[in-house]
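# Structure assessment
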Amino acid sequence: IMAGSEGPDTEPYRMTPSMQPEPGVYNEDVVEGLDYLLSEMERRNMRAVMCLTNMWTWSGGLAQYLIWAKHAKTIPYHPPAPNGHWNTFMHFTSHAFKDKEAIRMYHDHVKFMVGRNNTVTGVPYKDDPTIMSWELANEPRGMKFADDLFDWVSETSELIKEIDPNHMITIGLEGDTPDAKYNGVEFERLNSLENIDYTTIHIWVENWKWYDPFNPAYTYPNARKMALEYFQDHAYRSGKIGKPAVLEEFGLARDSNIGKDRYLPSTSVKWRDDYFDALLSWVCLLGKDPNSAVVGANLWAYGGEAYDGAGWSPGGLYKPGDVFTGDPPHEKQGWYSIYSTDNSTLSLISKYADCIEPQAPAQFQVVEVRSTQP
């Protein structure tokens with residue numbers, strides 16, 4: 001759950017309306033909408049991971065804090081912005097981990113959100129069992145400022161624990177990414193901090209160029225192997241530092257090599273179902289092992305009946321007023337969406353949903369697994 005989104009709403013490629021259109025100014029309709037969401041989740045016995053900001057601009061995120069801090073006048077947007085470059089954007093945004101004014105404003109938001117009382121239930125967020133954890137940011141990358149990222153994680157997690165000692169904290173890391181050194185991510189060092197309660201793992205085989213959906217027969221077997229090895233490696237390293245591990249994000253596009261629109265619910269999902277089955281079977285296997293750090297997984301992303309809504313263009317970019325498909329505004333809508341009619345995928349998810357039974361906290365033994373077959 002995004003527990004923070006930054007304006008102004010006139011900027012491109014963003015969720016709108018934003019929660020915080022200006023520094024310290026909140027859209028009460030949006031914040032109260034979050035209150036209502038948590039109350040409805042409580043009725044359904046669901047739990048929320050509350051993500052406080054974002055490395056990417058689809059919610060405003062850290063780049064917007066830099067603009068508010070007068071670090072720069074404009075954001076060098078990543079694709080699909082004209083002439084946009086991912087590396088330029090990431091290097092720019094990583095300054096948010098060292099810019100004192102950007103950090104101050106972000107911490108102001110942390111205090112506002114973690115210290116909030118729910119207007120629907122009357123329950124303070126810090127006492128709400130519907131909230132499972134606080135996530136510092138979605139996919140932060142330190143780039144050249146790895147030490148500053150470490151300090152930012154340390155200081156922010158300490159701040160949250162001072163306000164709310166009742167909930168867990170996680171960073172929101174992807175793991176090593178395809179190039180940990182270049183991206184300034186130190187998985188074990190960051191997650192070893194005292195106030196970080198569990199690790200997260202994100203795996204994006206198409207985004208990371210491991211998988212070509214238009215040539216799946218050739219690229220999928222190796223992409224599947226690399227994904228499983230990435231997951232197993234991070235699970236093993238999480239156990240080494242004594243932290244539980246959650247496979248927090250993974251997804252795959254619909255079949256893209258059959259001459260049909262890859263964003264429509266009518267297009268098949270053969271490769272996705274095989275991929276989900278492979279990863280979830282390993283989550284299940286390791287999750288049942290008391291010596292493993294693995295405790296669960298989340299999939300990206302449920303699009304429900306978004307395909308049936310007005311103002312949605314399959315494969316187009318999100319526009320204010322469109323229904324959400326689960327894909328961020330800067331990405332083609334429907335790319336990773338799991339629709340309500342995707343019966344084979346939903347059956348797979350149901351198959352593994354109750355696989356891992358809740359367990360009391362334990363001291364992990366380090367168990368290394370190196371196999372691509374469950």
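One can find the structure itself at the top, above this paragraph.
My aim in this report is to walk through the structure given alongside it, one point at a time. (Residues numbered from 1 in each chain as written. Predicted model: local features only at pLDDT ≥ 70, side-chain atom pairs only at ≥ 80, totals over all residues. Heavy atoms only, no water.)

The subject of this paragraph is the pattern of salt bridges. Tallying each qualifying case throughout the model produces 21 salt bridges. With a shortest N-O distance of 2.8 Å, Arg 189 and Glu 186 are connected by a salt bridge. We note a salt bridge from Glu 188 to Arg 237, for which the minimum N-O separation is 2.7 Å. Here Glu 188, found in helix α7 (residues 187–191), pairs with Arg 237, found in helix α8 (residues 216–240); they are 49 residues apart in sequence, far enough to count as distant. (Salt bridge = Lys/Arg side-chain N within 4 Å of Asp/Glu carboxyl O. Helix = DSSP H or I, 4+ residues; strand = E, 2+ residues; numbered from the N terminus.)

An order of β4-β5-β6 is seen for the 3 strands of this open sheet, with the pairing classed as parallel. Of all the strands in the sheet, just β4 (199–203) and β6 (294–297) have a single pairing partner and so form its edges. Averaged over neighbouring strand pairs, the angle between their axes works out to 25° when direction is ignored. Taken together, the 3 bridges between strand β5 (residues 245–250) and β6 define a ladder with parallel strand orientation. Bridged to Leu 247 within β6 is Ala 297. Taken strand by strand, α8 contacts β4, β5 and β6, and its axis lies near 170° from that of β4. (Pairing = 2+ DSSP bridges. Axes fitted to C-alpha atoms, helices over the stretch in contact; angles between N-to-C directions. Contact = heavy atoms within 4.5 Å.)

It is worth spelling out the state of the cysteines at this point. Evaluation of the coordinates by the stated rule reveals 1 disulfide. Note that Cys 284 is cross-linked by a disulfide to Cys 355, the S-S spacing being 1.8 Å. As the torsion about the S-S bond is roughly 85°, the Cys 284-Cys 355 disulfide counts as right-handed. Pair noted here: Cys 284 is in helix α9 (residues 270–287) and Cys 355 is in the segment after α10 (343–353), with a separation of 71 residues, a long-range link. Here Cys 284 matches Cys 355 in class, with each residue buried. (Disulfide = S-S within 2.5 Å. Buried < 20%, exposed > 50% of the residue type's maximum accessible area, 1.4 Å probe, protein only.)

Within the structure shown, the criterion is met by 22 aromatic pairs. By the ring-pair criterion, three or more aromatic residues cluster together here, those being Tyr 65, Trp 68, Phe 97, Tyr 106 and Trp 152. Taking NZ or CZ as reference, Arg 189 lies 4.0 Å from the ring centre of Phe 150, over its face. In this structure, Lys 270 packs its charged tip against the face of Trp 271, placed 4.6 Å from the ring centre. (Phe/Tyr/Trp six-rings, centres within 6.5 Å; stacked < 30°, edge-to-face > 60°. Lys NZ or Arg CZ within 6 Å of the ring centre and 35° of its normal.)

Turning to the sheet that holds strand β3 (residues 168–170), a few remarks are in order. In spatial order, the strands read β1-β2-β3; together these 3 strands make up an open sheet with parallel pairing. The two strands at the open ends of the sheet, each matched to only one other strand, are β1 (48–51) and β3. Direction aside, the axes of adjacent strands within the sheet are offset by 30° on average. Judged from the 3 bridges that link them, strand β2 (residues 131–135) and β3 form a sheet pairing that is parallel. Across the sheet, the residue bridging to Glu 135 is Thr 170, located in β3.

Take unusual backbone geometry next. For the bond running from Thr 16 to Pro 17, omega is -5°, close enough to zero to count as cis. Along the polypeptide, Pro 17 turns up in the segment before α1 (28–43). In this model, Trp 300 is joined to Ala 301 through a cis peptide bond whose omega is -10°. Among the secondary structure elements, Ala 301 is positioned in the loop between β6 and β7 (302–304). Despite not being glycine, Thr 177 shows a phi value in the positive range, around 60°. As for its position among the elements, Thr 177 is in the loop between β3 and α6 (180–183). Relative accessible area serves as the criterion here: at 5%, Thr 177 is assigned to the buried category.

In short, geometric facts, not functional conclusions.
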